[in-house]
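Chain by chain, the residues run as shown.
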Amino acid sequence: MLNKLNRGLSQRVNLSGVRLAFQILTTRRRLALPHIAVQNIGSVNWGEMKRAGFEGCIFDKDNTLTLPYGDSLHPSVKDSMEECGEIFKGNVALLSNSAGLEQYDADGSEADMIEKKLGIPVLRHRKKKPEGEPEVLVSHFGVPVNRLVMIGDRTFTVSVRTVLFVYC
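Summary of the structure given here. Note that the structure is predicted; figures quoted are calculated from it, not measured.

### Some words on the packing of aromatic side chains
The tally for this structure, following the rule as stated, stands at 2 aromatic pairs. Between Trp46 and Phe59, the aromatic rings sit 6.0 Å apart at their centres with planes inclined by 65°, giving edge-to-face as the arrangement. Of this pair, Trp46 sits in helix 3 (residues 46–51) while Phe59 is found in strand 1 (residues 56–59), placing the two residues 13 residues apart along the sequence. Relative accessible area serves as the criterion here: at 0%, Phe59 is assigned to the buried category. Ring centres 6.4 Å apart and planes at 85° place the aromatic pair Trp46 and Phe88 in the edge-to-face group. A residue pair is termed long-range when its members are at least 10 positions apart, and Trp46 in helix 3 and Phe88 in the loop between helix 4 (78–87) and strand 2 (92–94) qualify at 42 residues. Like Phe88, Trp46 is buried. In textbook terms, an aromatic cluster arises when at least three aromatic residues are bridged by ring pairs, as seen for Trp46, Phe59 and Phe88.

Written as structure tokens, this is what we have:
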């Protein structure tokens, strides 16, 4: 029970995210600017992304592809995800602060379950977003991180993570 409570609290309080937010608000404001904002991924023109030179897509899961803590694609994104997978030839993956994160999913069982249910690889990693590990992305996709589209529901986290991965 205590472990479950700890996990729930830790999922809600991301100390590295709080530290980075403070830095962004005080000295690094330029990092928090999104490139594109859409209502949901059904509005994304994947062909245009591919023509712009992107070679793969990294998705957050909750509130982007599924309902919070859900394990099936939300109906409003199913067609778009299929199109994304076709255009990027399956070069898509999930990066989550729960499934695949060593701290909460050490044996990878949650990541395995989500992969089976969604049909999308879940990246295994050690650090929470927005810090992350660009080398995990490079290893999985085989391209530099500046050739990847990062998509999530939290503008701040996605924008900062993208800039940190690419430029820092």
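### Focus: the environment of Lys89
Within the secondary structure, Lys89 is located in the loop between helix 4 and strand 2. Judged by relative accessible area, which is 71%, Lys89 ranks as exposed. Residues Lys89 and Gly56, 33 residues apart in the sequence, show an inter-C-alpha distance of 8.5 Å.

### Thoughts on helix 5 (residues 109–118)
Every buried residue of helix 5 is accounted for by Ala111, Ile114 and Leu118. Projected down its long axis, helix 5 carries its buried residues within an arc of 65°, all on one side. Looking at the packing, one finds that the buried side of helix 5 touches strand 2. Just downstream of helix 5 lies Gly119, where phi reads positive at about 75°.

### So, a negative patch on the surface
Negative charge collects at one region of the surface, where Asp79, Glu82, Glu83 and Glu86 lie side by side. Along the chain, Glu86 turns up in helix 4. Overall, Glu86 belongs to the exposed group, its relative accessible area being 54%.

### Focus on the sheet that holds strand 3 (residues 148–151)
A sheet is described by the order of its strands in space; here 3 strands give the open sequence 2-1-3, paired in parallel fashion. Where the open sheet ends on each side, the last strands, each with one partner, are strand 2 and strand 3. Going from strand to strand, the sheet's axes swing by 20° on average, the running direction of each strand aside. Taken together, the 3 bridges between strand 1 and strand 2 define a ladder with parallel strand orientation. What sits directly across from Cys57, in strand 2, is Val92.

### A short note on helix 4
Among all positions of helix 4, only Ser80, Met81, Cys84 and Gly85 are buried. In a view along the axis of helix 4, the buried residues occupy a sector of 135°, so they form one face of it. Exposed residues lying more than 90 degrees from the buried face of helix 4 are Asp79, Glu82 and Glu86. Of the surrounding secondary structure, the elements contacted by the buried residues of helix 4 are helix 3, strand 1 and strand 2. Count one or two residues on from helix 4 and you reach Lys89, which has phi positive near 50°.

What counts as what
- Residues numbered from 1 in each chain as written.
- Predicted model: local features only at pLDDT ≥ 70, side-chain atom pairs only at ≥ 80, totals over all residues.
- Heavy atoms only, no water.
- Phe/Tyr/Trp six-rings, centres within 6.5 Å; stacked < 30°, edge-to-face > 60°.
- Helix = DSSP H or I, 4+ residues; strand = E, 2+ residues; numbered from the N terminus.
- Buried < 20%, exposed > 50% of the residue type's maximum accessible area, 1.4 Å probe, protein only.
- Arc of directions from axis to C-beta.
- Contact = heavy atoms within 4.5 Å.
- Patch = residues over 30% accessible without salt bridge, like charges linked within 9 Å, V, L, I, M, F, W, Y side chains within 5 Å.
- Areas by Shrake-Rupley, 256 points an atom, 1.4 Å probe, with all protein chains shown as cover.
- Salt bridge = Lys/Arg side-chain N within 4 Å of Asp/Glu carboxyl O.
- Lys, Arg positive; Asp, Glu negative; His and termini not counted.
- Charge placed at Lys NZ, Arg CZ, Asp CG, Glu CD.
- Pairing = 2+ DSSP bridges.
- Axes fitted to C-alpha atoms, helices over the stretch in contact; angles between N-to-C directions.

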